[in-house]
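# Structural features, examined
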Amino acid sequence: LVALAACCGTTYAVTRHGGRPAQAAPDCPWVGPGAEGESSDALADEVISQMTLTEKVEFLGLDTASPLENETPAMPQLCLPSLTLQDGPNGLADGLEGVTQLPAAIGLAATFDTELAYKVGQLEGAEARTKGIDVVQAPELNLARVPTSGRIFEAFGEDPLLSGLMGGAEAEGIQSQGVMAELKHFPLYNQETDRYAIDQVVSTRALEELYLKPFAIAIAEAHPAAVMCMLGDFEGADACENPLTYELLKELGFDGFVRSDDGAVSDAPVALEAGASLLKPAETSQLLDAVTDGTLPVSVVDEAVKAVLVEMFDYGLIQDPRPLDLAKVATSAAHQALAAEEAARATVLLRNVGSVLPLDEQKGTVALIGPGAAGYAFTSGDGSAHVDADVRVTPASAFAKLLGSRLRVADVGSSVALLPSIPADWVQEDVPGPSPDPEAQLTASLPGGPGWDTETATVSPPVSGLYTISIEDAGDTFLDVNGHLEYASRGVHSYEPWWIALPLTAGHSYRFSVSWYAAGGERQPTIGWEDSSPGIAEAVSAARKAQTAIVVVSGYSTEGEDRPNLSLQGAQNALIEAVAAANPRTIVVLDTGGPVVMPWLSKVKAVLEAWYPGNQDGTALADVVFGKDDPSGRLPVTFPRSWAQVPVLSSPDEYPGVDNVVQYAEGLEVGYRSFESSGLTPLFPFGYGLSYTTFSLSHLSVGAPLANGDVPVSVTVTNTGDRIGRDVPQVYISFPPGAGEPPKQLAAFAVVRLDPGQSKTVTVLVMKEEFEAFVNGSFRTFPGRYNLFVGQSSEDLLLGTRLEAPAS
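Note that the coordinates shown come from a computational prediction; the quantities given were computed from them, not determined experimentally.

### Some thoughts on the side chain of Lys 306
The residue Lys 306 is located in helix 12 (residues 298-314) in this model. A residue is classified by how much of its surface remains accessible, and Lys 306, at 15% relative accessible area, is buried. Setting aside anything within four residues of it in sequence, one finds Lys 306 in contact with Asp 41, Ala 44, Asp 45 and Ile 48.

Okay, structure coming up:
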C-alpha cells in the first residue's frame, strides 16, 4: 500500500484483514460528531436502516482467516469494521505468536482466588486489544461432570459456585480492557464423545442448580457481551436452534449477543428465530432464501444484527476501530511474571511425607526425570484452547540455574508423540480372528457386527521390554492382545491419539487384533510402538546417583476426544515405579488437564499437581520445589481412586450415551456431591491441598443476615507453622432434611496469606442464593435449620454451626 501510494498518489483504505481495497468512506452519521450522546440502541437502528438485506445476512456470518479464528465481514460502505473473535481461555489461541501461554483454567480454579482470576482476565484482554482482537472467547463455564472429559482443563472444575465466581472475575478482567468476553458453551457441554450428535437429557432442577449456575453468576458479576451456544442437542433440539436456550439466557439477565459454536447450526433461519446472531459457518444464501420465500421475517434478521451492533457501539469499535495487527508482540515481562505467579499458585501439594519438600537449593543433588523435564512437557491443552509458546522455560533450564552441576537430567519419554510403525520384519503373519468381546455396552453395535472392521497381525519382538503402543483413532476402537482387551475407546470422537504400555518378551508371539467401527468413512486406527525400557533404565541410573529424584510426567487432554481411562498414558506409571524403587526420595510432578489415578502413590514421598502450567512452567516449578512459593492450590475437581468410583462412568446411559442420548440420571450428585452421597472415599477430595506450613481454624461465628439476605460467616485462621503460606478456608452448607439436596455443597471461600504465627479473622458472605433450591419451577428457601461447616476441603470440616434459614 505504501508503494502504491508513492507511485500513484492515491490513498487506500483496507478492511481489517486480507488487504482488499475498500470503497471510499461514505457519510455515516453514526460515527460523526452528531452521534455523540446517542444511545447504542439508536445508533444500531440507524445503521440497520441503511443496510441492504444482503449486507445484513452477510454481517451475521463468521469466517476464519487463519490465524484469526473468527471475524465478521467488514463493510466500509457502512463504516463497519469487522468484528474479530479469538479463542481463549488460556491465552490467545489458534497459533497466534507473541502471546502469553497461560496456565490452564483448571489451574486458575485451583487458586480459589477471584482477584487473581480478574488479573488473568486483564492480561487476556490487554493482549487481545494489542493485536486488535475485539472478543476473547472465554471463560468456559461448563462443569467437570465426566472426569475423563477432554476439555476439563479449559474450565473451572466440578463446582458451580467456584466456576461462576472465578469465571465472572475473569470475564470482568477481560472487559476492563475494552475487549468483549464470550461465555461458553451454553447451556451444558460436558463431554467430547459424540458432541455433535448427542441429546442431553437433564432434570430442570439439576440444570438450574448446577449447569446454569456458573453462567448466572458470571452474567450477574461481569455482564458479558457475548455467549457461545453449544454443539449437540438440548431438550430434543439443536441447542443453538432451541428457543429454550435463549429463554434461559434472558431469565439469567443476559442482554448481549449469541454466536453458534462452529457447526452447531443445521437450520440457520430457525437458529435466528430462536435468538442466535452470529453463525459459523456463515449461511448467507440460506438466510436470503428464507427471507425471500417469507419463512424468515426481516425483523428477525434485524434483531440479530442489532444485538451485535449494540455491543460494538458500546465498546467503541465502530466509532474508533482498532487496527488489526496479529503479528504484534502482545506479551511482556509483566505478563510473563503473572503467568509464573499463576502457575505457582495453581500447584497443589497432594503428598509430602516427612516434609521432603521444599528442597534446599544449596544442598544435595537432584535427578530431573521424565517427559515433562525438558522437551516433551505438555504445558497447554490441545484443541481450540491450545496456546503457542514462543519461549518456554523448562524445568531443566530453571533448575540448572539453581543447582548447576548438582542437577542430572533424564529427559526420557515422549508423552504426546505418535510412535513409529511396527517393523514389517517383526510381523510373522496376518491372520483373521474373532473380534474382542468387551463387557461394556457401546454407542455403536458390538465388534463383529454390521459396520465393523477387524485387522489382526501376529508380532514377535526381537528384544524384551516395556513397549509403549500409540493408537490414533476416531472412537469405537478396541485393541486385543492375545485375547486380552488392552484398549477400549467407546463412542465417536475426532481422530486423536492415546498411549498404553505392554511388557513383551523377545521371541514370543503376540496376536494384535484391532476392531473398529468403520461406518461413516472414518479412517482406520493407526498403531505405532517403541521400546520404553532403555529410557526407563536411563532414568533409573540417574535416580540412583542423586539424593532426590523428581519425575515430571504429562497427561494428554484435548478438545474432540475424552480420555479412555483415568491413567497416565503410556509407560509413565512404570517410569515412576522404577524411579521410586531406585530412589526412596522420589517426588512426582503431574502436568495433567484433570484427575488421574496413582497406583504408585504409596511408593513416592511427594506429589505435586501442576496442571498445564503454561510457558513459565520451569520458573513456577522451581519456585515451588525450592520453597520460594508456598503451594497454595486446592483441588477444583475430585480425584477418584478408580474408574469404578464414578457412577457416571459405569453407566453407558449416563456416559457416553446410548443411541445418541445421554441421561443425566445422577441429578445433583456430581463430583464431590456424589462421593459424599455414596459414602465413598476418593483418592483426594475436592478442595484438598497441603502447604509447607500448617494452619488452624477457630472462632467460627455467623452474623445476622444482611438486608439482601446474604449471611456473613467469620473464622479465625492461624498460621501455626514456621513458613509464610496461604490458606483457603472453605464454607459448606447442608440443607434441612427433605430438601432433596446433596449432603453438603460449597457455599463460600476465601484466600488468606499469613506470616508464621499470624492470625486473621476472615469474613465471607454466604449469598442468599446458597440457601435456595429449585423446586416446583422456581428457587426458594426451605424452612428449617441449615448446617454450615468450615474447613480445608470437602472432607476436612472441623468447625460447624447451625442457623435458621434467612427470610425469603
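### Focus: the packing of aromatic side chains
Under the criterion given, the structure shown has 21 aromatic pairs. Plain terms: the ring middles of Trp 452 and Phe 478 are 5.9 Å apart, the flat faces sit at 40 degrees to each other, and that makes the pair tilted. Remark: Phe 478 occurs in strand 16 (residues 465-481) and Trp 452 occurs in strand 15 (residues 452-459); sequence separation between them is 26 residues. Each member of the pair, Trp 452 as well as Phe 478, is classed as buried. An angle of 35 degrees between the planes, with centres 4.8 Å apart, marks the rings of Tyr 467 and Trp 529 as tilted. Of this pair, Tyr 467 sits in strand 16 while Trp 529 is found in strand 19 (residues 526-531), placing the two residues 62 residues apart along the sequence. The rings of Phe 153, Phe 378, Trp 498, Trp 499, Tyr 556 and Tyr 612 are connected pair by pair, giving a single aromatic cluster. In this structure, Arg 780 packs its charged tip against the face of Phe 782, placed 4.5 Å from the ring centre.

### Some thoughts on the packing of helix 14 (residues 395-403) against helix 17 (residues 617-625)
Packed helices, taken two at a time, are described by the angle their axes make and the gap between the axes. Between helix 14 and helix 17, the least distance of the axes is 7 Å, while the angle of their chain directions is 50 degrees. What the angle tells us is that helix 14 and helix 17 run oblique. As for the relative orientation of helix 14 and helix 17, their crossing is right-handed in sense. For the pair helix 14 and helix 17, contact is made by Pro 395, Ala 398, Phe 399 and Leu 402 and by Asp 617, Gly 618, Thr 619, Leu 621, Ala 622 and Val 625, respectively. Residues that form the contact of helix 14 with helix 17 fall into these classes: 7 nonpolar, 2 polar and 1 charged.

### A closer look at the confidence of the model for the chain
Per-residue confidence for the chain gives a mean pLDDT of 92, with 93% of residues at or over 70. Across residues 1-24, confidence stays below pLDDT 50; counting only partners more than four residues off in sequence or on other chains, it has 28 contacts.

### Focus: the pairing of strand 17 (residues 484-504)
The sheet contact formed by strand 16 and strand 17 spans 15 bridges and is antiparallel. Of the residues in strand 17, the one forming a bridge with Phe 478 is Ala 488. Counted between consecutive antiparallel strands, the loop separating strand 16 from strand 17 contains 2 residues, among which Asn 482 sits at a positive phi close to 50 degrees.

### With respect to the state of the cysteines
Inspection of every chain in the model, using the stated rule, returns 2 disulfides. The disulfide that involves Cys 28 links it to Cys 79, with 2.1 Å between the sulfurs. Negative torsions about the S-S bond denote left-handed disulfides, and the value of about 80 degrees found for Cys 28 with Cys 79 makes this one right-handed. Of this pair, Cys 28 sits in the loop between helix 1 (2-8) and helix 2 (40-49) while Cys 79 sits in the loop between strand 2 (68-71) and strand 3 (84-87), and the two are 51 residues apart along the sequence. For Cys 28, a relative accessible area of 5% gives the class buried.

### Some points on the environment of Asp 425
Assignment of secondary structure puts Asp 425 in the loop between strand 13 (407-410) and strand 14 (427-429). For the pair Asp 425 and Pro 461, spaced 36 residues apart in sequence, the C-alpha separation works out to 9.4 Å.

### Digging into helix 11 (residues 284-292)
Burial in helix 11 covers these residues: Leu 287, Ala 290 and Val 291. In a view along the axis of helix 11, the buried residues occupy a sector of 95 degrees, so they form one face of it. In helix 11, those exposed residues whose orientation departs by more than 90 degrees from the buried face are Ser 285, Asp 289 and Thr 292. Elements in contact with the buried residues of helix 11: helix 3 (53-59), helix 10 (268-274) and helix 12.

### Some points on the environment of Arg 145
Relative to the elements of secondary structure, Arg 145 occurs in the loop between strand 4 (135-137) and helix 6 (160-175). C-alpha separation for the pair Arg 145 and Lys 119, spaced 26 residues apart in sequence, amounts to 27 Å. Once you skip the residues sitting within four places of it in the chain, Arg 145 turns out to touch Asn 190, Gln 191, Tyr 211, Val 648, Glu 654, Val 662, Gln 663, Tyr 664, Glu 666 and Val 670. Engagement of the side chain of Arg 145 in a polar contact is seen with the backbone oxygen of Glu 654, the distance being 3.0 Å.

### A word on the sheet that holds strand 28 (residues 745-749)
In spatial order, the strands read 28-27-33-34; together these 4 strands make up an open sheet with antiparallel pairing. At either end of the open sheet lies a strand with only one pairing partner, and these are strand 28 and strand 34 (796-804). Adjacent strand axes in the sheet meet at a mean angle of 30 degrees, parallel and antiparallel pairs treated alike.

### Concerning the pattern of salt bridges
Applying the stated rule across the entire model yields 25 salt bridges. The salt bridge partner of Lys 306 is Asp 41, with a shortest N-O separation of 3.6 Å. Placement of Lys 306 in helix 12 and of Asp 41 in helix 2 is noted, with a sequence separation of 265 residues between them. For the salt bridge of Lys 744 with Glu 676, the shortest nitrogen-to-oxygen distance reads 2.7 Å.

### Focus: unusual backbone geometry
Residue Pro 67 follows Ser 66 across a cis peptide bond; omega there is 5 degrees. Assignment of secondary structure puts Pro 67 in the loop between strand 1 (63-65) and strand 2. Cis rather than trans, the peptide bond between Gly 88 and Pro 89 has omega equal to 0 degrees. Inspection of the secondary structure assignment puts Pro 89 in the loop between strand 3 and helix 4 (105-110).

### Observations regarding the nonpolar core
Of all hydrophobic cores here, the largest spans 122 residues; its most connected members are Phe 59, Leu 83, Tyr 211 and Leu 309. Here this core takes 10 residues from helix 12, the largest share from any one element. Once residues within four sequence positions are removed from consideration, Leu 83 is found in contact with Asn 70, Glu 71, Thr 72, Asp 134, Val 135, Met 180, Phe 257, Leu 278, Val 308, Met 312 and Leu 317. Among the nonpolar cores identified, the runner-up in size contains 68 residues, and Tyr 510, Trp 516, Trp 529 and Ala 546 belong to it.

Rules of the game
- Residues numbered from 1 in each chain as written.
- Predicted model: local features only at pLDDT ≥ 70, side-chain atom pairs only at ≥ 80, totals over all residues.
- Heavy atoms only, no water.
- Helix = DSSP H or I, 4+ residues; strand = E, 2+ residues; numbered from the N terminus.
- Buried < 20%, exposed > 50% of the residue type's maximum accessible area, 1.4 Å probe, protein only.
- Contact = heavy atoms within 4.5 Å.
- Phe/Tyr/Trp six-rings, centres within 6.5 Å; stacked < 30°, edge-to-face > 60°.
- Lys NZ or Arg CZ within 6 Å of the ring centre and 35° of its normal.
- Axes fitted to C-alpha atoms, helices over the stretch in contact; angles between N-to-C directions.
- Parallel < 35°, antiparallel > 145°, perpendicular 65-115°, else oblique.
- Left-handed = near helix turned anticlockwise from the far one by under 90°.
- Nonpolar A, V, L, I, M, F, W, Y, C, P; charged D, E, K, R; others polar.
- pLDDT = per-residue confidence, 0-100.
- Pairing = 2+ DSSP bridges.
- Disulfide = S-S within 2.5 Å.
- Arc of directions from axis to C-beta.
- Polar contact = N/O pair within 3.5 Å; in protein donor to acceptor, adjacent residues only side chain to side chain.
- Salt bridge = Lys/Arg side-chain N within 4 Å of Asp/Glu carboxyl O.
- Core = buried A, V, L, I, M, F, W, Y, C linked by side-chain atoms within 4.5 Å.

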